[in-house]
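Listed below are the residues making up each chain.
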Amino acid sequence: MAELERPQRLQIMLTDEELAALENWRFEKRMPSRSAAVRELLRRGLSSDGFLTADAGARSQDFGVISLDRKVGDDSSDQKP
């Protein structure tokens, strides 16, 4: 059996709305797979500044992919003028 190029797995749980947002972004950006889209989003997030640091005692459920007041797939920062 061939050795995997990326042998580490990362499992995350998403809501239906979060998964829809990921899939919409993936197709808009023509990413070849869901994994590639997640890796690209991680790369962008890890290279960005200006985000909050988690407070002590923060729970996983406190961190979502989309805000409740935003429509799925609505990313004004990616819209072309």
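This text goes with the structure placed above it.
Residues numbered from 1 in each chain as written. Predicted model: local features only at pLDDT ≥ 70, side-chain atom pairs only at ≥ 80, totals over all residues. Heavy atoms only, no water.

1. Here's the deal with the packing of helix α1 (residues 16-28) against helix α2 (residues 34-46)
So, step 1. Contact geometry of α1 with α2 gives a least axis separation of 10 Å together with a crossing angle of 95°. Comparing the axis directions of α1 and α2 gives the class roughly perpendicular. Each of L19, L22, E23, W25 and R26 in α1 lies in contact with α2, whose residues at this interface are R34, A37, V38, E40, L41 and R44.
So, step 2. Here the residues of the contact of α1 with α2 sort into six nonpolar, no polar and five charged. (Axes fitted to C-alpha atoms, helices over the stretch in contact; angles between N-to-C directions. Helix = DSSP H or I, 4+ residues; strand = E, 2+ residues; numbered from the N terminus. Parallel < 35°, antiparallel > 145°, perpendicular 65-115°, else oblique. Contact = heavy atoms within 4.5 Å. Nonpolar A, V, L, I, M, F, W, Y, C, P; charged D, E, K, R; others polar.)

2. Some points on the pattern of salt bridges
So, step 1. Counted according to the given criterion, the structure contains five salt bridges.
So, step 2. Notably, a salt bridge pairs R34 with E23, separated by 2.6 Å at the nearest N-O pair. Here the residue R34 occupies a position in helix α2, and E23 occupies one in helix α1, the gap between them amounting to 11 residues.
So, step 3. Given a relative accessible area of 42%, R34 falls into the partly exposed group.
So, step 4. The exposure class of E23 is buried, given its relative accessible area of 14%.
So, step 5. Three or more residues are tied together by salt bridges with common partners; here these are E23, R26 and R34. (Salt bridge = Lys/Arg side-chain N within 4 Å of Asp/Glu carboxyl O. Buried < 20%, exposed > 50% of the residue type's maximum accessible area, 1.4 Å probe, protein only.)

3. A look at unusual backbone geometry
So, step 1. Notably, R30 is not glycine yet its phi reads approximately 60°, a positive angle.
So, step 2. With respect to the helices and strands, the residue R30 is situated in the loop between α1 and α2.

4. Regarding the side chain of R26
So, step 1. If you trace the backbone, R26 turns up in helix α1.
So, step 2. The class for R26 is buried, based on a relative accessible area of 15%.
So, step 3. Residues within four places of R26 in sequence aside, it is in contact with M31, P32, S33, R34 and A37.

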